[in-house]
Amino acid sequence: MRGMDIHCEHCGSNMRTRSSKQLHPDYRKLYLECLNPACKAKAQAEFVVTETLSPSGRPNPDYQERLAATIPWRRTDQH
């Protein structure tokens, strides 16, 4: 399986994940770097699992699917 394609907001080149931190079973913070040697922009991203679409055949009894309901989503397209 291939990872996500994330493009640099400055030059449009692909970005790579330099590192990441798992802060919750449903939440990971990613630290990205542009692969264009002339750009090398760095960014931070967040990856959130928002809901389970199909139940697991091996459910974890300790897993609480509740993070997405608690994140204060911010819209960036509003002025």
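Residues numbered from 1 in each chain as written. Predicted model: local features only at pLDDT ≥ 70, side-chain atom pairs only at ≥ 80, totals over all residues. Heavy atoms only, no water.

Enquirer: An account of the pairing of strand β1 (residues 15-24) is needed here, citing residue identities and associated values.
Expert: Bridging between β1 and strand β2 (residues 27-34) involves 8 bridges; their strand directions are antiparallel. The partner of R16 across the bridge, within β2, is E33. The turn linking β1 back onto β2 is made up of 2 residues. (Pairing = 2+ DSSP bridges. Helix = DSSP H or I, 4+ residues; strand = E, 2+ residues; numbered from the N terminus.)

Enquirer: Please give an account of the pattern of salt bridges that cites residues and values.
Expert: If you walk through the whole model with that rule in mind, you get 2 salt bridges. A salt bridge links E33 to R16; the nearest nitrogen and oxygen atoms lie 2.8 Å apart. One end of the pair, E33, is in strand β2; the other, R16, is in strand β1, with 17 residues separating them in the sequence. On the basis of relative accessible area, E33 is assigned to the buried category, the value being 6%. Of the residues examined, R16 reaches a relative accessible area of 40% and is grouped as partly exposed. The salt bridge involving E33 is made with R18; its shortest N-O contact spans 3.2 Å. Here E33, found in strand β2, pairs with R18, found in strand β1; they are 15 residues apart in sequence, far enough to count as distant. A single salt-bridge network, built from bridges that share partners, covers R16, R18 and E33. (Salt bridge = Lys/Arg side-chain N within 4 Å of Asp/Glu carboxyl O. Buried < 20%, exposed > 50% of the residue type's maximum accessible area, 1.4 Å probe, protein only.)

Enquirer: Describe the confidence of the model for the chain, with residues and values.
Expert: As a note on interpretation, predicted positions should not be read in detail where pLDDT is low. Taken over all residues, the pLDDT of the chain has a mean of 83, while the share at 70 or more is 77%. By mean pLDDT, helix α1 (residues 67-70) is the weakest element of the chain at 64, and β2 is the strongest at 94. (pLDDT = per-residue confidence, 0-100.)

Enquirer: Give a description of the nonpolar core that names residues and reports values.
Expert: Within the largest apolar cluster, 7 residues are counted, these being C8, M15, L30, L32, C34, A41 and A45. In terms of residue count, the dominant contributor to this core is β2 (3 residues). Leaving out residues up to four positions away in the same chain, M15 has contacts with I6, H7, C8, E9, L32, E33, C34, L35, A41 and A43. (Core = buried A, V, L, I, M, F, W, Y, C linked by side-chain atoms within 4.5 Å. Contact = heavy atoms within 4.5 Å.)

Enquirer: Give me unusual backbone geometry: which residues, what numbers.
Expert: The backbone phi angle of K40 is positive, close to 55°, even though this residue is not glycine. Tracing the backbone shows K40 in the loop between β2 and β3 (42-48). Given a relative accessible area of 39%, K40 falls into the partly exposed group.

Enquirer: Give me the lowdown on the sheet that holds β1, citing residues and values where you can.
Expert: Strand order in the open sheet made by the 3 strands is β1-β2-β3, with antiparallel pairing throughout. Each edge of the sheet is formed by a strand with only one pairing partner; in this case those strands are β1 and β3. Between one strand axis and the next, the sheet turns through 25° on average, direction left out of account. Summarising the sheet, β2 and β3 pair through 7 bridges and their orientation is antiparallel. Within β3, the residue paired with L32 across the bridge is A43. (Axes fitted to C-alpha atoms, helices over the stretch in contact; angles between N-to-C directions.)

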